[in-house]
Amino acid sequence: MNEVTKIDGIGSSVRRTEDKKFLTGKGRYTDDINRPGQVQAYFLRSDVAHAEIKSIDTKAAQSAPGVVGVFTGSDIAADKVGGPICGWVVPCRDGSSTKEPPHPLLAQGKVRFVGDAVAVVVAETMEQAKSAAELIDVDYNELTPVVDFVSADKGAQIHEEVPNNCYFDWELGDESATNKAIESAAKVVKLSVRNNRLVPNAMEPRSALAEYDSLDESYTLHTTSQNPHLTRLVLAAFMFAIPESKLRVIAPDVGGGFGSKIYVYIEEAVCVWASKKIGRPVKWTADRTQAFLTDCHGRDHVNDVQLALDENNKIIGLRVDTVCNLGAYLSAFSVVVPTILHGTLLSGQYDIPTIYTNVKGMATNTVNVDAYRGAGRPEATYLLERTMETAAKEVGMDPAEFRRINFIPKDAFPYQTQVALQYDIGDYEPHLDKAMEMIDYSNFEKRRAEAAKRGMYRGIGMSSYIEACGLAPSAVVGALGGRVGQWESASVRVNPTGTISVFTGSHSHGQGHATTFAQIVADKLGIPMENVEVIHGDTDKTPFGMGSYGSRSLASGGSAISKAVDKIINKSKKIAAHLLEASEDDIDFKDGKFVVGGTDKEKAFGEIALAAYVPHNYPLETLEPGLEENAFYDPTNFVFPSGTHIAEVEIDPATGVVEVVDWAACDDFGNLVNPMIVEGQVHGGIAQGIGQALLEDAHYDENGQLLTASYMDYCMPRADDLPSFKVGYTNTPCTHNDLGVKGCGEAGAIASPPALINAVIDALSPLGVTDMSMPATPQKVWKAIQESQSVAAE
Amino acid sequence: MYSTKYIKPNSTSEALEAIKSMGEGKFLAGGMTLIPTLKQRLASPDGLVDISGCDLDSISDEGDAIKIGAMTKHASVAESGLVNKAIPALAKLADGIGDRQVRNRGTLGGSVANNDPSACYPSAVLALKAIVHTNTRSIEADEFFTGMFETALEENEIIEAISFSKPTRANYVKFPNPASRYAMVGVFVAQFNDGVRVAVTGAGEGGVFRHAEMEAALSSNYNADALSALEISSEGLISDLHASPEYRANLIKEMTKRAVA
């Protein structure tokens, strides 16, 4: 465990300094910001899933009250503005590359999902813009919609560039060795699972406010982004062909993203374009319905799994064939999520000698599918941990023991998996043991019997997950098809009085960076945390950085800050040596003081800072004045958190209601900087995982209409759906970053769905139930119980 | 929402005058359904007549019944000493509607006049032999609900109060829709000297309805066991994403059992 070195240093559960403004309603979000002369944009969206546009008549809208502009795809095309791009592509089995159809900012001749933007109305007020949009007449020639992605290859072709509606057909691993292992196996466990489609539902809907300054021909965009620098790069270089220096992107307070705010969406680009066209600031904010219809969704896989076992129940091979739904257009990271972030995770915590996987990414007439908390890793963990549990039951072993005999042994690290990743470190039995202890696993059967007396079915289920986060290094990312680097930046500015301004390329949209990052700097410099200010989210202030996603901020962004602070300390030592008339080698830095070893001669950190900015007594001939350092940190590997979660449920057979009665989470996140914030991340992740497993399901009907487009039908987890979580940790510090840290943001959402579904199936196992799809709604569970009883009666 | 006129009169007679002065006017009670409908531009009335100033929010004991003003908020019903003493099941029902915000804005009259098939109150009106008092007449519960979102109310007729008969005992148990938390099935059971009434909400394609078989069974034996042998028909029950008619039929029986347990 972490040693608490200082009251507010690394390892201390400091209260989040940013919470005061958020909890008192003082957060400043994009929609809170208003500019003089601002107008409102409203997008007219397609209400059909797949159609050719025969004509658009905007005449009546143009002259409606308050309207300052009505634009369609042809206006965008005339100005040659490009659409959003795909940030990562993969090669196909047949040697071709991922098919990348264009994604126009406003529809060009065709609409491809309900919610596709057909026109934009800009007016003095939002109500005027909406009223004018109702006057636009679009004449559609409706085409057959493609909704079911498994059979999408047989459906009407959605893009000219995408034959059989297949964006890519990718593979990883050794197919012939894996098939041989399956053929020669003592037992092959087969399972088909579906990873249900989810709507991210960030609390703050997407919003953009664009302003054009005709004097210096530059734009300012406030937007709800997890990565403002990438947004600027894509908008400037790929969509508008303007110098980055002419576009400032600010992501102010952002109310949650979960992946859905990584990408550049068409609305922000249209606002930027329209702000110059109209010559006034243009604002757009989504309402909740638009968020349901147009934010990228998550998950939506089907996976066919074959797990080969030898006569000792050791795994000898794994084959997974996956089909996934990517929706109407290829979103920025839609390709990497089901491939590189999914296929490479299939070894889990297990020593598997051969693995093969094939993934087909399909186009459908539904909104784009991209990263959502966990992004590929929850899907991999779900299929693997469901299979592990099924295999254990089929071979008659306790699921914990079956996992244990297949774990990668502690002495095997670094461990090279058969699916490209090399785990630097891990130790899996301790978190399994600890989670079992936390939930009192050994007495479970007593609890099951006691519940049975009350007429309830009680079940227990576990999931031992591996997570790969802090995607890196850039060279490998590039080799795998990534079009961006995966480093992170930090700039640490020591102010003349010794206070610190930290500029980070990471972005906080709820994670608590202002606290965690300040703790790192305070701890390393031996100064109070209040002296450290963290600045993020503004391309004019922070160095180019990659933003926050994939649980990368601490491992990559925190490490960059740590490296910049190291440079500060090194330079400070030189200044201290001069002031103390000692050799640099004799200067020790401890508790905020530079001390000449073996003497009582010392200088406080603040004195060094002042000397750097008021260099009256300073080695100017060998050292520049000032005290500010940058670091760009490109990690040498992913970080690999792991853990075991165990869920316990009770099912009421009369209604099918599943109650989560207990939960033990034991995670190895390496060193913890702020255990309270980490625990919050674990809670939130599990809550989202419970949402996926029991409640949430994005459902399109056969016409491509999203039936679950509001909270009346889309079921979000609420506090009373959740138990009190038992959270514990083990620690194998990451070997390749200075802080020894891994990521914790997604682990809960990755670990929890299979643990919960395994528990549901275990509860119903006395009835002969062996499978249950997500979400395990009351109706579905009740039906499974009815069917098992009617089978028993026959 | 579309811009519209807003009037807040001080009496029902003024309210009636106001609505007659508009083409297509709407009475606004708590607005829990109407306001979201307006915000989504699904309705464009010529004007709104807010009846919250018409002094329609008193609760009184009428001997055999409790009379509740139409504009009484759910929270007031839930907290009322009179209601809790005479018909605790009704207070329990009111306390389970929506969330705290809804209970402090939504009204009895608004809910009953709207007759949403998944609203809680209509089941209490039907099970508790309520009389709906309007500005022109008194309507018996059995005559009031005429179909999903349909009632016996005529144009420009305002519910002023509802009198709920005091039962010898009663209970309301609902199974909430997991997403919306409206009643997916809600059952109000009320026992009177002349028999038991069972009203089911959330389940019927025609809105709230009485269940004759369960009423007969419980009238002879007010006990969950009395229902065991009953087969609940799924005919006419709502089918949606969350529940099939068969599942709803199961829940009707199960919630009724729980109500009398």
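Reading the values: rules and limits
Residues numbered from 1 in each chain as written. Chains lettered and ligands numbered in written order. Predicted model: local features only at pLDDT ≥ 70, side-chain atom pairs only at ≥ 80, totals over all residues. Heavy atoms only, no water. Contact = heavy atoms within 4.5 Å. Buried area = accessible area lost by both parts, 1.4 Å probe. Salt bridge = Lys/Arg side-chain N within 4 Å of Asp/Glu carboxyl O. Polar contact = N/O pair within 3.5 Å; in protein donor to acceptor, adjacent residues only side chain to side chain. Helix = DSSP H or I, 4+ residues; strand = E, 2+ residues; numbered from the N terminus. Nonpolar A, V, L, I, M, F, W, Y, C, P; charged D, E, K, R; others polar. Pairing = 2+ DSSP bridges. Phe/Tyr/Trp six-rings, centres within 6.5 Å; stacked < 30°, edge-to-face > 60°. Buried < 20%, exposed > 50% of the residue type's maximum accessible area, 1.4 Å probe, protein only. Domains from an automatic or database assignment. Expected span 1.5 Å × (residues − 1). pLDDT = per-residue confidence, 0-100. Patch = residues over 30% accessible without salt bridge, like charges linked within 9 Å, V, L, I, M, F, W, Y side chains within 5 Å. Areas by Shrake-Rupley, 256 points an atom, 1.4 Å probe, with all protein chains shown as cover.

*Asks:* Pulling in residues and values, what's your account of the interface of chain B and chain A?
*Replies:* At the junction of the two partners, chain B supplies 21 residues and chain A supplies 22 residues. Surface buried jointly by chain B and chain A totals about 1800 Å² across both partners, of which 50% is contributed by carbon and sulfur atoms. Three residues, Arg41(B), Arg181(B) and Leu241(B), lead the burial of chain B against chain A; their summed loss comes to 32% of the area buried on that side. Linking chain B to chain A there are five salt bridges. Between Asp652(A) and Arg258(B) there is a salt bridge whose closest N-O contact spans 2.7 Å. Our enumeration of links across chain B and chain A arrives at 15 residue pairs in polar contact (both at pLDDT 80 or more). The element that contributes the greatest number of residues to the side of chain B that touches chain A is helix 11 (residues 245–260) of chain B, accounting for seven residues. Class assignment for the residues of the side of chain B that touches chain A results in 11 nonpolar, five polar and five charged.

*Asks:* How would you sum up the sheet that holds strand 4 (residues 110–111) of chain A? Please name residues and give values.
*Replies:* If you walk across this open sheet you meet the three strands as 4-2-6 (chain A), and the pairing is antiparallel. Each having just a single partner strand, strand 4 and strand 6 (137–142) of chain A make up the two edges of the open sheet.

*Asks:* Got a sec to walk through the packing of aromatic side chains? Specific residues and values, please.
*Replies:* Applying the stated criterion to the full structure yields 25 aromatic pairs over all chains. Measuring from ring centre to ring centre gives 5.0 Å for Phe144(B) and Phe145(B), while their planes differ by 90 degrees; the resulting arrangement is edge-to-face. Judged by its relative accessible area of 0%, Phe144(B) is buried. By way of ring pairs, the aromatic residues Tyr350(A), Phe407(A), Phe413(A) and Tyr428(A) are connected into one cluster.

*Asks:* Could you give an account of the domain arrangement of chain A, with specific residues and numbers?
*Replies:* Size of an interface, as often reported, equals the accessible area lost when the parts are brought together. All names here are of chain A. When its domains are assigned, chain A resolves into domain 1 (19–26 + 487–633), domain 2 (33–143 + 204–255 + 261–294), domain 3 (144–194 + 297–402) and domain 4 (424–470 + 637–794). Relative placement of domain 3 and domain 4: their C-alpha centres are 20 Å apart. Listed by partner, the interface residues are 28 residues for domain 3 and 44 residues for domain 4. Between domain 3 and domain 4, the buried area comes to about 2800 Å², and carbon and sulfur atoms account for 52% of it.

*Asks:* Give me the lowdown on the domain arrangement of chain B, citing residues and values where you can.
*Replies:* Residues and elements named next belong to chain B. As assigned here, chain B comprises domain 1 (5–49), domain 2 (59–165) and domain 3 (169–260). Computed over C-alpha atoms only, the centres of domain 2 and domain 3 are separated by 19 Å. With both sides pooled, the region where domain 2 packs onto domain 3 buries about 1900 Å², and carbon together with sulfur makes up 63% of that total. One can count three salt bridges joining domain 2 with domain 3. A salt bridge links Asp142 to Arg197, with the nearest nitrogen and oxygen atoms 3.2 Å apart.

*Asks:* Any details on helix 17 (residues 675–695) of chain A? Residues and values, ideally.
*Replies:* Along an α-helix, residues three or four positions apart point the same way, because every turn accommodates 3.6 residues. Residue and element names in this part refer to chain A. When the terminal C-alpha atoms of helix 17 are compared, their 29 Å separation across 21 residues agrees well with the 30 Å that a helix rising 1.5 Å per residue should span. For helix 17, the tally of buried residues reaches 15 of 21 residues, placing the bulk of the element in the interior. The opening residue of helix 17, the one whose side-chain oxygen lies 3.0 Å from the backbone nitrogen of Met676, is Asn674.

*Asks:* Hey, could you go over the environment of Ser111(B) for me, with residue numbers and the actual values?
*Replies:* Residues and elements named next belong to chain B. Residue position: Ser111 is located in helix 7 (residues 108–114). Measuring from C-alpha to C-alpha, the distance between Ser111 and Ala18 comes to 22 Å, with 93 residues separating the pair along the chain. Beyond its immediate sequence surroundings of up to four residues, Ser111 is in contact with Asp116, Ala119, Tyr121 and Pro122.

*Asks:* Could you give an account of the confidence of the model for chain A, naming the residues involved and the relevant values?
*Replies:* When pLDDT is averaged across chain A, the result is 96; 99% of the residues are at 70 or more. Confidence drops under a pLDDT of 50 for residues 1–5 of chain A, and excluding neighbours within four residues, the segment shows nine contacts in the predicted structure.

*Asks:* How would you explain a nonpolar patch on the surface if you had to name every residue and give the values?
*Replies:* Nonpolar side chains collect at one region of the surface, where Leu610(A), Tyr613(A) and Val614(A) lie side by side and expose about 230 Å² of accessible area between them. Along the chain, Leu610(A) turns up in helix 16 (residues 605–613).

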